[in-house]
Amino acid sequence: MGAIPDQVGFAVMTVSDTRDAATDKTGPWLRAAISADGHRVVDHAIVPDDVPAIRKQLGAWIANPDIHAVIATGGTGLTGRDVTPEAFRGVYDKEMDGFAAVFHQVSYASVGVSTIQSRATAGIAGGTYLFAVPGSSGGCRDAWEKVLRIEFDRTHRPCNLVELIPRLTER
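Nothing here was measured: the structure is a model prediction, and the numbers come from that model.

Novice: Where do I start with the nonpolar core in this structure?
Specialist: A general tendency of soluble globular proteins is for nonpolar side chains to be buried together. F10, I71, F99, Y129, F131, W144 and F152 are the most contacted members of the largest nonpolar core, which has 27 residues in total. No other element matches helix 5 (residues 137-151), which puts five residues into this core. The residues touching F99, leaving out its near neighbours within four places in the chain, are A120, T121, A122, F131, A132, V133, V147 and L148. Listed in part, the 19 residues of the second largest apolar core include A11, V15, W61 and I62.

Novice: Any chance you could explain the sheet that holds strand 6 (residues 128-133) here in plain terms?
Specialist: Strands belonging to one sheet form pairs held by backbone hydrogen bonds; the direction of such a pair is parallel or antiparallel. Spatially, 2-1-3-6-5-4 is the arrangement adopted by the six strands of the open sheet, whose pairing is mixed. Every other strand in the sheet has two partners, leaving strand 2 (40-47) and strand 4 (94-95) as the edge strands with one partner each. Pairing between strand 1 (residues 9-15) and strand 2: seven bridges, direction parallel. Bridging across to strand 2, M13 finds its partner in A45. Together, strand 1, strand 2 and strand 3 (69-73) form the strand contacts of helix 1 (residues 26-36), whose direction differs from that of strand 1 by roughly 165°.

Novice: What is the right way to read the packing of helix 1 against helix 5 from this model?
Specialist: The description of two helices packed together rests on the angle between their axes and the distance between the axes. In the contact formed by helix 1 and helix 5, the axes pass within 10 Å of each other and the chain directions differ by 20°. With respect to their mutual orientation, helix 1 and helix 5 come out roughly parallel. Viewed along their axes, helix 1 and helix 5 form a crossing whose handedness is right-handed. On helix 5, the residues touching T26, W29, L30, A33 and I34 of helix 1 are S137, C140, R141, W144 and E145. Counted by class, the contact of helix 1 with helix 5 contains six nonpolar, two polar and two charged residues.

Novice: How should the pairing of strand 6 be read in this particular structure?
Specialist: Sheet faces and side chains relate simply in a regular strand, where the side chains alternate between the two faces. Of all six residues making up strand 6, six are buried, and the element is well covered by its neighbours. Here strand 6 shows a buried face lined by T128, L130 and A132 and a second buried face lined by Y129, F131 and V133. Of the pairings in the sheet, the one linking strand 3 to strand 6 comprises five bridges and is parallel in character. Bridge pairing links A72 to A132 in strand 6. Both strand 5 (residues 121-125) and strand 6 contribute to a ladder of five bridges, which runs antiparallel. Bridging from a neighbouring strand, A125 pairs with T128 of strand 6. The antiparallel hairpin formed by strand 5 and strand 6 contains two residues in its connecting segment, where G126 sits at a positive phi of about 55°.

Rules used throughout
Residues numbered from 1 in each chain as written. Predicted model: local features only at pLDDT ≥ 70, side-chain atom pairs only at ≥ 80, totals over all residues. Heavy atoms only, no water. Core = buried A, V, L, I, M, F, W, Y, C linked by side-chain atoms within 4.5 Å. Buried < 20%, exposed > 50% of the residue type's maximum accessible area, 1.4 Å probe, protein only. Helix = DSSP H or I, 4+ residues; strand = E, 2+ residues; numbered from the N terminus. Contact = heavy atoms within 4.5 Å. Pairing = 2+ DSSP bridges. Axes fitted to C-alpha atoms, helices over the stretch in contact; angles between N-to-C directions. Parallel < 35°, antiparallel > 145°, perpendicular 65-115°, else oblique. Left-handed = near helix turned anticlockwise from the far one by under 90°. Nonpolar A, V, L, I, M, F, W, Y, C, P; charged D, E, K, R; others polar.

Here it is in structure tokens:
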């Protein structure tokens, strides 16, 4: 079994057909928030709303031992182009059902019943945590500030996601 990492390595994916480096707001905000909380952003990318493209990027990041977690913003809604959950679920070894439940609880406090329009999801693949959160600034902020930053704090008790990293691939 490996050691618990001193810093969690993250990759941030913005899923969008319309955003680019100049217009993406949630990706840069998320990278800054991750870094401010003492973690390391190893890589980031803007990927189109396309299942094969999303899975290809996820595969590269899952194979990178410096990346412990991926957070994607965007593509979790209900429109025809929103395919992030389908792409993610196609690579999961295990789905983390509790993430969606907690995210919706937090989101309900912010946007009320409109939270039903999000298909936020999380799971694990190849020992890497994968999270897909809304591309809206509020949804992305709720996911990081009220759920993920807490679970990626190694001092959070009774347990946290950091201490599980060395055990995610055990058989």
